[in-house]
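# Residue-level structural notes
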Amino acid sequence: MELPLSAPDSGDWTVSYKLETKNLSYKLGTKFDEFSWLFRNKNRNSRAKFILKDVNCEARPAEITAIAGPSGAGKTTLLEVLAGKISRGRVSGEVLVNNQPIDPKSFQRLSGYVPQDDTLFPSLTVEETLMYSALFRLHGGRKEAVARVRALMKELGLDHVAKTRIGGKSSNRGISGGEKRRVSIGVELVHDPAVILIDEPTSGLDSAAALHVVKMLKFMAVYQGTFSGRSSSLPQG
Ligand SMILES: Nc1ncnc2c1ncn2[C@@H]1O[C@H](COP(=O)(O)OP(=O)(O)OP(=O)(O)O)[C@@H](O)[C@H]1O
């Protein structure tokens, strides 16, 4: 079923989006399960593993919703299901947007998903990285992309590293881990998504940088209506 979209490439601020799951389960099968039809004795015990079992959750507009839990609890998997990154084959239960079954393609157009690990090109500068995303996702040409990237770099506090390369890990060092995290978020914010799903938005950041990112997300949620589904691990021990 199609979502009630009136703006195909960006979130429509006149529509609020409520995201929820009902009895969502994700079961990983084994090779045995895949080929069980070959075996005569079909009652042999399956070793299928539930990564998510009967998850009910709700994320309302203009709010930040956090998914918290210990490492390995399934937070990333839940975000991946919500973002439509996991095929529905092994997923049961419902994922609803405004009480309608989700259509992954439509939902991807109005949302952004920032994975746990930054996947950026080390040889591009911060500005080039955001421009690449802007030219790809916005359809107003170079002028619109330049204006959006300028605004975004200001919003994310990345002006001072605009011309710096992202860089790699060791000898090829570029911007800091916190700056990389903000660039990754920026790449997904370029088209002003109505919903943003972020895995570990503050991982690897010092407390000042983490506060900056959380304040920025809160500002977006409260004043722009974007809500963020974010996962974060609870401290262990
Ligand atoms: N495709 C897969 N194959 C095998 N195991 C998987 C797969 N996907 C997830 N898992 C397992 O499911 C569990 C939940 O993983 P997930 O990454 O969702 O947890 P998490 O709560 O995000 O953990 P962390 O906080 O450490 O990032 C883990 O034990 C993981 O190994």
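A brief structural summary. (Residues numbered from 1 in each chain as written. Predicted model: local features only at pLDDT ≥ 70, side-chain atom pairs only at ≥ 80, totals over all residues. Heavy atoms only, no water.)

## Regarding a nonpolar patch on the surface
The line we're drawing: Nonpolar side chains (Val, Leu, Ile, Met, Phe, Trp, Tyr) are joined into patches within 5 Å and like charges within 9 Å, using only residues with over 30% relative accessible area and no salt bridge. Method for areas: the Shrake-Rupley scheme with a 1.4 Å probe, in which residue coverage is limited to the protein chains shown. In the sections that follow, a salt bridge refers to a side-chain nitrogen of Lys or Arg positioned within 4 Å of a carboxyl oxygen of Asp or Glu. In this text, helices come from DSSP runs of H or I with a minimum length of four residues, and strands from runs of E with a minimum of two, each type numbered from the N-terminal end. Each residue is placed in one exposure class: buried if its accessible area under a 1.4 Å probe, protein chains only, is under 20% of its type's maximum, exposed if it is over 50%, and partly exposed if it falls in between.
A cluster of nonpolar residues, Phe219, Val222 and Tyr223, forms a patch on the protein surface that exposes about 360 Å² of accessible area. Structurally, Tyr223 is set in helix α7 (residues 207-224). By relative accessible area, which is 63% here, Tyr223 ends up exposed.

## Focus: the sheet that holds strand β4 (residues 91-97)
For the record, the criterion: By this definition, two strands are paired if DSSP reports at least two bridges between them.
Here we have four strands laid out as an open sheet, ordered β2-β1-β4-β5, and antiparallel in their pairing. Only two strands of the sheet have a single neighbouring strand rather than two, namely β2 (49-59) and β5 (100-101). As paired strands, strand β1 (residues 19-28) and β2 are joined by seven bridges and run antiparallel to one another. Its bridge partner being in β2, Leu19 is matched across the sheet by Ala59.

## Section: the pattern of salt bridges
Within this structure, the stated rule accounts for seven salt bridges. Across the salt bridge formed by Arg60 and Glu58, the nearest N and O atoms sit 3.1 Å from each other. Where Arg137 meets Glu188, a salt bridge forms, and the shortest distance between an N and an O atom there is 3.0 Å. Of the two residues, Arg137 is situated in helix α4 (residues 126-137) and Glu188 in helix α6 (residues 177-189); the sequence distance between them amounts to 51 residues.

## Overview of helix α5 (residues 141-155)
We apply this condition: Working rule for helices: expected span equals 1.5 Å times residues minus one. The arc in question is the one traced by the directions running from the helix axis out to the C-beta atoms. By definition, residues are in contact when any of their heavy atoms lie within 4.5 Å.
Here α5 spans 21 Å end to end across 15 residues, near enough to the 21 Å set by a 1.5 Å rise per residue. Those residues of α5 that fall on the buried side of the exposure criterion are Ala145, Arg148, Val149, Leu152 and Met153. Considered in projection along α5, the buried side chains sweep an arc of 130° and stay on one side of the axis. Exposed and oriented more than 90 degrees from the buried face of α5 are Lys143, Arg150 and Lys154. On its buried side, α5 packs onto α4 and α6. Of the residues one or two after α5, Gly157 is the one with positive phi, at around 65°.

## Details of helix α2 (residues 75-82)
In terms of burial, α2 is a largely internal element, six of the eight residues being buried. Phi turns positive, to about 75°, at Gly84, one or two residues after α2.

## Comments concerning the packing of α4 against α6
The following threshold applies: Convention adopted: a line fitted to C-alpha atoms gives each axis, helices being fitted over their contacting stretch, and angles between N-to-C directions are expressed from 0 to 180 degrees. Angles below 35 degrees are treated as roughly parallel, those above 145 as roughly antiparallel, those between 65 and 115 as roughly perpendicular, and all remaining angles as oblique. Throughout, a crossing is termed right-handed when the near helix is turned clockwise from the far one, and left-handed when it is turned anticlockwise from it by less than a right angle. Note that Gly is not counted as nonpolar here; it falls among the polar residues with everything else outside the nonpolar set of Ala, Val, Leu, Ile, Met, Phe, Trp, Tyr, Cys and Pro and the charged set of Asp, Glu, Lys and Arg.
It is the contact of α4 with α6, at a shortest axis distance of 9 Å, that shows an interaxial angle of 20°. When the axes of α4 and α6 are compared, the pair comes out roughly parallel. Considering the relative orientation of α4 and α6, their crossing is right-handed. Judged by residue contacts, Val126, Thr129, Leu130, Ser133 and Arg137 of α4 engage Val183, Gly186, Val187 and Glu188 from α6. Among the residues making up the contact of α4 with α6, the classes are represented as four nonpolar, three polar and two charged.

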